[in-house]
Structure formats: C-alpha cells, structure tokens
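Structural overview
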Amino acid sequence: MKNCEYQQIDPRALSVSPLSAQNPAETKAQRPRRKWEAFPGKNRFFCDGRLILARQNGVLPLTLGLIVVTSGLFFAFDCPFLVEHLTVCIPVIGGLLFLFVVASLLRTSFTDPGILPRATAEEAADIERQIDTSGSSTYRPPPRTKEILINQQVVKLKYCFTCKMFRPPRTSHCSLCDNCVERFDHHCPWVGNCVGKRNYRYFYSFIISLSFLTSFIFGCVVTHITLRKWGSSGLDSSLCTVVELVICFFSIWSILGLSGFHTYLVASNLTTNEDIKGSWSSKRGAEESGNPYSYSNILTNCCVTLCGPMPPSLIDRRGFLAPDEGIPVASASEIELPPFTPKSEANMCTQSTKDVLERMLRSSDFHGLCPSGTPKTSPLVPEVPGAPPAAKPPVSSGCSRQLAHGAVVDPCPPFSKSIRRDSLHSINPAFRLASPSPTLSRSVLVVGDGPDVGFPPQH
Amino acid sequence: MSDPLFPDGTCTQQHAVKNRYQTEIFNMAETHSLQDMRQQAAVAAKVFVQRDYTSGTMCQFQTKFPSELETKIDKQQFEETIRTLNNLYAEAEKLGSQSFIEGCLACLTAYTVFLCMETHYEKVLKKIAKYIQEQNDKIYAPRGLLLTDPIERGLRVIEITIYEDRSFTR
C-alpha cells in the first residue's frame with residue numbers, strides 16, 4: 001500500500017479493523033467509559049460530563065473574582081451606610097442582581113455552546129466520495145465549498161478538515177476549542193467558553209444583568225460618597241469605596257458598549273462572527289445581500305434568539321461508549337490507516353497527482369458530457385484562490401456548478417480549485433457513482449488534519 | 001465481484017432472484033428478531049441522507065431518494081418517512097407561544113427550571129425516537145435496512161444501513 005498522503009477511506013476496512021485493533025485494549029477496561037472521556041475537542045469536563053468548559057478557560061476566575069470582590073465590598077462598606085440613610089431595598093436589589101449575574105455567568109461558561117460532533121468515518125468517506133478532487137501540487141488542496149440557497153440567497157458552506165463534514169450554515173470552527181460550534185458567535189475568554197447557539201441567551205442575560213449591576217453599584221457608591229461629603233467626614237472605608245468606583249467606572253463603558261452591540265445583533269439576528277466578517281452587508285454593488293436568517297421584524301428576531309426553543313446538546317457527553325469505539329473518530333482514522341503521515345514529501349503528492357491524471361484521462365473518455373452550462377451560472381461561481389495547476393488538465397466544475405445552482409439536493413459541490421472557465425469539462429466521477437458500492441470510489445481523497453480556519457477570540 | 005445469487009447478471013434474472021431474496025429476508029425477519037438479524041447480517045453499505053438547508057438553519061433532511069435504495073424500498077415509503085421526520089423536527093423548533101412561555105419562565109427563574117422540567121424540544125425528540133423505532137420494526141427491518149436516529153449523528157445525517165444477509169449464500 002503506497003504511503004500516500006491522500007488516501008481513500010474504504011468504509012469496509014474501517015468497519016472491520018476497529019474491532020481487531022481495539023478489542024484487546026478495550027476489553028481490559030474495568031468500567032464502561034462515558035463519551036466525554038473520549039471527546040476529541042479541547043474541552044474540560046466536570047461532574048462526570050455534566051459541565052463543559054473550554055480547555056483554555058481564559059480569565060474566567062478573574063471575571064468571577066472581580067464580580068464577587070466588587071459586590072462584596074459594596075455589601076460590606078456601602079450597604080450599611082445606605083440602608084441607614086436611604087432604604088433597605090438597596091442590598092436586596094443588589095443581592096438579586098448579583099445572584100442573577102453569577103448564575104448567568106456560570107450557565108454560560110458551563111453549557112455546551114452547540115458543539116457539533118465530528119463526522120463518523122463512514123460519513124466522512126461518503127462525503128469524500130461525493131467531492132471531486134482534482135489533486136493539486138500544494139500540500140493541502142484549496143478549501144472545499146458548497147453553495148446552497150437559503151431563502152433565495154446564496155450561502156457558501158465550507159468543508160471542515162478537522163471535523164470532516166460540511167459545516168451547516170452559521171457554524172464555525174473554533175480553533176481554541178477545536179470544535180465546530182453552531183451559530184458561532186465568538187470565543188469569550190472572560191467566560192471561558194465559546195458563545196454559540198445554546199448559550200447565547202445566557203451570555204446575553206449575563207452582560208445585560210452585569211450592566212445593571214455595575215450601574216447600580218456605581219450609582220450607589222456615588223450616592224454614598226456624596227452623602228458622606230455632606231455629612232460627617234468619616235473616611236475609613238474610603239479606600240474600598242474608591243476601588244469600587246474605579247472598577248465600576250471602567251467596567252461600565254465596556255459592558256454597556258458590549259450590551260448595546262449585542263442588543264443590535266439580537267435585533268437583526270446576526271452573530272458577532274457574521275458582523276465582523278461583513279457577510280451580509282451589501283458590499284457588492286449589484287447584489288442585494290441581506291441576512292437570509294432575519295425575520296425583518298425586530299421583535300421576532302429577539303424572540304427567536306432569546307426565547308426560542310432550547311436545542312439539545314448534540315455531543316451526548318454522558319452516554320456510554322460502546323466497547324468497540326473507545327477511541328474517537330479523529331484518531332481512529334489514524335490508527336486504521338497506519339501509513340498516513342500528514343507531512344509527506346512532495347513526491348508523494350506527485351504520485352497521487354499522477355493517479356488522478358490517469359483517472360481523469362480515463363474518465364474523460366466516458367460518456368459523461370455534462371450539459372455545457374457554464375456561463376449561465378457564472379454569478380454563482382465562487383472566487384477561486386488556488387495555485388496554478390502543475391501538469392494536469394484543469395478540472396472544471398461546470399457540471400457541479402450548474403447542479404449547485406439548481407437543486408440543493410445534489411451532493412456535487414463546486415470544488416474551489418484552480419479552474420479556467422472555458423476549460424474542458426471532465427466528468428465528475430460522482431455522476432458515475434449514482435449507484436455505487438463503497439469499494440468503487442475512485443476519487444483521490446484528502447485525509448486532512450488540523451483545524452480549517454481559526455477564529456481569533458473576540459474582545 | 002461474483003455473487004452466487006446473481007450468476008450471469010441478466011436483468012430479469014436479477015430481478016427474479018432479488019424478489020426471492022427479499023421474500024426470504026421478510027420470512028427471516030418474521031422468525032428472527034431485529035437484534036438477531038443485526039448480529040447475523042453483515043453491513044453491506046451505508047447511505048447518508050444529508051440536511052436540507054433551503055429554509056435556513058432549521059433541521060430538515062433532503063427527501064431525494066438515494067439510488068442505492070432503489071431495489072430495497074419503495075420510493076413513496078421512503079419519502080413519507082423523511083417527510084414525517086421533517087415535520088416532527090419542524091414542530092420541535094417551532095416558534096410558538098409554548099416555546100416563548102418556556103423561554104420567559106426559564107429566564108425569570110435564572111434557567112433553573114430546566115433542572116426539573118423537560119424542554120419541548122426534548123419531548124419531541126422522544127417522539128421522533130419512537131417513530132424511528134416503529135418504522136424500523138415495521139418497514140425497514142423486513143427489507144434488511146436500518147434507520148439510525150439522526151440525534152446520534154449530531155443531527156447531521158440520517159444514516160441508513162443496508163444489511164446483507166450471508167446465511168443464504170452458505
């Protein structure tokens with residue numbers, strides 16, 4: 001078997017080998033393991049899988065510490081004075097706000113943000129089979145994309161090399177957590193977790209309640225200082241008060257700003273990710289690209305984001321692993337294809353390129369004439385960044401482009417690679433795979449490694 | 001690959017043999033339980049029904065009939081199953097008054113209400129699991145197929161396993 005970087009994933013081999021490879025190891029396990037123990041992403045789990053946190057939990061202890069210390073100082077030094085001079089409601093309101101803030105923060109940090117489990121080996125093989133790869137001379141071929149129509153708007157779906165699947169719309173891969181997260185907003189270091197579909201409402205209630213809390217404490221502290229100045233000159237606790245004042249003053253600007261920004265996002269049904277990348281702003285002159293997910297009604301948008309149905313966690317942390325699947329998919333594929341090395345030399349690439357060349361030449365002799373429909377789908381042709389082809393017939397994705405423009409259903413994505421519009425139509429092997437058996441896959445597959453795109457943490 | 005069941009590969013003969021094959025599987029299913037069949041049969045192939053994103057991020061699956069199942073199951077039957085599943089998922093994600101009240105209540109109780117109450121989504125997921133089980137027992141298992149609940153695949157795909165029973169070829 002050639003030590004090729006690009007290898008076919010043969011589902012038959014995959015279904016047979018795990019049993020033999022892993023049975024001796026797993027049968028020695030003393031107790032059934034839960035799925036969180038074999039989770040491939042960079043996360044930490046507590047309470048036997050009930051709580052999840054990013055491995056890089058950033059400054060969560062600092063956030064908690066600041067909130068607790070500031071509130072503690074407030075209750076200790078300002079409340080007695082204010083209760084005496086104003087009303088007893090002040091510590092009550094402060095207490096309620098404090099509890100709400102801490103509950104929201106902990107809920108945001110320890111909830112699964114909407115992590116998508118990685119594709120199983122058979123799924124990945126199925127997807128690989130449906131994609132036409134032309135093979136290129138670069139180490140990794142250009143990212144694969146698939147275009148679909150959502151509410152009459154063209155949306156590009158990217159292929160995630162780590163999770164081995166096409167990401168659903170609005171999903172992004174967080175490089176810090178090494179997971180694909182649905183409706184990915186951003187990775188928040190203050191909270192120590194990604195903010196995504198499942199915990200966005202907790203995050204939003206956290207920042208709103210924190211704005212109220214900081215404003216409340218700030219107001220109370222200012223009142224306290226003002227009243228003291230007018231009254232007697234007892235300045236024993238002035239240091240603590242000043243500390244509170246400083247913390248609140250600086251927090252208010254940032255927290256209020258953040259709350260305002262996120263209120264805008266909620267009202268227009270956007271994520272921070274989309275807003276920063278400008279996905280839906282009408283940059284292109286002719287095309288009006290609005291947000292296809294927005295309901296064009298602020299109240300509906302708010303309801304959907306904040307009060308919508310709560311989707312379940314897809315990663316099933318507390319389920320038990322079957323005895324033969326102790327090792328997660330990502331590393332399982334490395335075990336089952338032992339010769340696979342991610343960093344192989346250039347001659348291995350050319351070996352695979354030669355294979356592809358032969359297949360292309362063979363396949364272009366076949367019947368397959370795609371209907372020659374390139375130009376009418378040209379508005380949808382994705383921008384193709386790619387290295388110029390080495391010494392092979394440039395493969396056009398004209399057939400797949402046309403299909404992508406038409407029905408969503410055809411799994412024949414336009415492959416983002418170096419193409420020329422007027423190049424010859426080579427048959428897309430996926431067409432011939434209309435009634436395949438798994439062993440007949442011909443395309444060269446990429447078993448990629450490492451995350452696809454890394455998103456830097458926001459704020 | 002030569003298969004003793006299809007010696008010379010003429011179309012009509014294949015059809016006749018396949019019909020006989022299906023009848024035998026049906027008979028076999030009546031005498032064996034689903035569990036036994038899974039243990040005896042080997043996995044011939046897996047078909048994946050992908051998500052359909054034309055209406056946004058809602059969980060819907062493509063109703064296109066996969067070609068690998070052409071000989072195994074009736075197209076209408078399959079589409080009916082997928083359509084029912086799509087309707088169930090739409091019901092789970094529906095933005096109605098019930099989900100709104102649930103959301104507001106949860107917010108007011110600082111989300112502690114979910115410790116004792118099951119969300120609407122989870123209730124519908126249980127319904128879906130039951131539906132899939134029932135479809136498997138009645139329709140798919142007799143034809144040597146098995147539907148996997150999409151929640152076990154992260155709601156990405158509906159995995160249909162095609163079993164190939166080897167006990168007749170020996």
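Residue numbers restart at each chain and count upward from 1, following the sequence in its written direction. To label them, take the chains in the order written and letter them from A, then take the ligands in the order written and number them from 1. Restriction of local features to residues with pLDDT of at least 70 applies here, the model being predicted, together with a cutoff of 80 or more for giving and counting side-chain atom pairs; totals for whole chains, interfaces and linings are based on all residues. Only hydrogens and water are set aside; all other atoms, that is, all heavy atoms of the structure, feed into the side-chain values.

1. Things to note about the overall build of chain A
Condition: The helix count covers DSSP runs of H or I at least four residues long, the strand count covers runs of E at least two residues long, and both are numbered beginning at the N terminus. Partly exposed residues are those whose accessible area sits between 20% and 50% of the maximum for their type, while under 20% is buried and over 50% is exposed, using a 1.4 Å probe and protein chains only. Throughout, a contact is declared for two residues whenever any of their heavy atoms are within 4.5 Å. Computed by Shrake-Rupley with a 1.4 Å probe, the accessible areas treat only the displayed protein chains as cover when residues are assessed.
A tally of regular secondary structure across chain A gives twelve helices and ten strands. The proportion of buried residues among the 459 residues of chain A is 51%. Contacts spanning at least 24 positions in sequence make up 74% of the contacts within chain A whose residues lie at least 6 apart. Entry remark: accessible area of chain A is about 20800 Å², with carbon and sulfur atoms responsible for 64%.

2. Topic: the overall build of chain B
Looking only at helices and strands, chain B features five helices and three strands. Taking all 170 residues of chain B together, the buried fraction comes to 45%. Carbon and sulfur atoms form 53% of the exposed surface of chain B, whose accessible area is close to 9000 Å².

3. Here's the deal with the pattern of salt bridges
All names here are of chain B. In plain terms, the rule: For this document, the term salt bridge refers to a Lys or Arg side-chain nitrogen within 4 Å of an Asp or Glu carboxyl oxygen.
Overall, the coordinates contain twelve salt bridges over all chains when judged by the stated rule. A salt bridge links E91 to K127, with the nearest nitrogen and oxygen atoms 3.3 Å apart. Note that E91 is positioned in helix α3 (residues 75–92) and K127 in helix α5 (residues 120–140), a separation of 36 residues in sequence. With a relative accessible area of 28%, E91 lands in the partly exposed category. Across the salt bridge formed by K138 and E134, the nearest N and O atoms sit 2.9 Å from each other.

4. Comments concerning the sheet that holds strand β7 (residues 172–174) of chain A
All names here are of chain A. Rule in force here: Between any two strands, at least two bridges found by DSSP are needed for them to pair.
Pairing is antiparallel in the open sheet, where three strands are placed in the order β3-β8-β7. Bordering the open sheet on either side are β3 (115–116) and β7, each of which pairs with just one other strand. Direction of pairing for β3 relative to strand β8 (residues 179–181): antiparallel, over a ladder of two bridges. Within β8, the residue paired with I115 across the bridge is V181.

5. Regarding the interface of chain B and chain A
Rules: As used here, buried area is the combined drop in accessible area, with a 1.4 Å probe, of two parts when they are placed together.
In this assembly, 38 residues from chain B lie in contact with 43 residues from chain A. Together, the buried faces of chain B and chain A total about 3300 Å²; carbon and sulfur atoms form 64% of this surface. Considering only the side of chain B, the residues that lose the most area to chain A are Y53, Y111 and R156 of chain B, jointly responsible for 22% of the buried surface there. Our count for the chain B to chain A interface comes out at two salt bridges. Between E122 of chain A and K46 of chain B there is a salt bridge; the shortest N-O distance is 3.6 Å.

6. A closer look at the UniProt feature "transmembrane region" (unreviewed entry) in chain A
Residue and element names in this part refer to chain A. Which entries qualify depends on this criterion: UniProt positions are given in the numbering used here, feature names are shortened, and annotations may be inferred rather than shown by experiment.
UniProt's feature table lists "transmembrane region" (unreviewed entry) at residues 59–77, 83–106, 202–225 and 245–267, given in the numbering used throughout. In this annotation, residues 59–77 is assigned 95% helix and 0% strand; the end-to-end C-alpha distance for the span is 27 Å. Between the C-alpha atoms that bound residues 83–106 there is a distance of 30 Å. The span itself is 88% helix and 0% strand.

7. Thoughts on unusual backbone geometry
The backbone phi angle of K164 of chain A is positive, close to 60 degrees, even though this residue is not glycine. Relative to the helices and strands, K164 of chain A is located in the loop between β5 (153–160) and β6 (165–166).

8. What to know about the pairing of strand β3 (residues 157–164) of chain B
Residues and elements named next belong to chain B. Burial within β3 is extensive, with seven of its eight residues counted as buried. Of the pairings in the sheet, the one linking strand β1 (residues 42–50) to β3 comprises eight bridges and is antiparallel in character. Each bridged residue has a counterpart across the sheet, and for V47 the counterpart in β3 is I160. In this structure, strand β2 (residues 145–148) lies alongside β3, joined through four bridges in antiparallel fashion. Opposite L146, over in β3, you have T161 as the bridge partner.

9. Describing α3 of chain B
Residue and element names in this part refer to chain B. Heads up, the rule is: How far a helix is expected to stretch is found by multiplying one less than its residue total by 1.5 Å.
In this model α3 runs 26 Å from its N-terminal to its C-terminal C-alpha over 18 residues, within 8% of the 26 Å that 1.5 Å per residue would give. Every buried residue of α3 is accounted for by F78, E79, T81, I82, L85, N86, L88, Y89 and A92. Buried residues belonging to α3 abut β1, α5, β2 and β3.

10. Describing the nonpolar core
Residue and element names in this part refer to chain A. How we decide: Working definition of a nonpolar core: buried Ala, Val, Leu, Ile, Met, Phe, Trp, Tyr and Cys residues. They are joined through side-chain atoms within 4.5 Å. The domain boundaries here were taken from an automatic or database domain assignment.
The biggest cluster of nonpolar side chains holds 42 residues, and the ones touching the most others in it are I67, F74, V155, F203, F206, L210 and L213. For this core, the secondary structure elements donating two or more residues are α2 (60–85), α3 (89–110), β4 (145–150), β5, α5 (200–230), α6 (238–267) and α8 (298–307). In terms of residues, this core owes the most to one element, α5, which gives eleven residues. Counting contributing residues, this core receives three or more from each of domain 1 (44–116 + 176–307) and domain 2 (118–167). Leaving out residues up to four positions away in the same chain, F206 has contacts with T63, I67, V101, S104, L105, T108 and V191.

11. Brief notes about α3 of chain A
All names here are of chain A. Under the 1.5 Å per step criterion, the end-to-end length of α3 is 32 Å for 22 residues, consistent within 8% with the ideal 32 Å. Among all positions of α3, only I90, G94, G95, L97, F98, V101, V102, S104, L105, T108 and S109 are buried. Against the buried residues of α3 lie β2 (51–54), α2, β10 (193–195) and α5.

12. Here we look at the packing of α3 of chain B against α5 of chain B
Residue and element names in this part refer to chain B. Stated formally: Angles run from 0 to 180 degrees between N-to-C directions of axes, and those axes are lines fitted to C-alpha atoms, restricted for helices to the stretch in contact. Angular relationships are summarised with four words: roughly parallel below 35 degrees, roughly antiparallel beyond 145, roughly perpendicular across 65 to 115, and oblique for the angles in between. Gly is put with the polar residues, along with every residue not named as nonpolar or charged; the nonpolar set is Ala, Val, Leu, Ile, Met, Phe, Trp, Tyr, Cys and Pro, and the charged set is Asp, Glu, Lys and Arg.
Close contact between α3 and α5 brings their axes to 9 Å; oriented N to C, the two are set at 170 degrees. Our classification of the angle between α3 and α5 gives roughly antiparallel. Between α3 and α5, the residues in contact are Q77, F78, E80, T81, T84, L85, L88, Y89, E91 and A92 and H120, Y121, V124, L125, K127, I128, Y131, I132, Q135, I139 and Y140, respectively. Among the residues forming the contact of α3 with α5, the class breakdown is 13 nonpolar, five polar and three charged.

13. Comments concerning the pairing of β4 of chain A
Each regular strand shows side chains that alternate between the opposite faces of the sheet. Residues and elements named next belong to chain A. Burial within β4 is extensive, with five of its six residues counted as buried. Where β4 meets β5, six bridges bridge the pair, whose relative direction is antiparallel. When the sheet's bridge partners are listed, I150 is paired in β5 with Q153. Turn length for the β4-β5 hairpin, with the two strands adjacent in sequence and antiparallel, is two residues, and the turn residue N151 shows positive phi of about 50 degrees.

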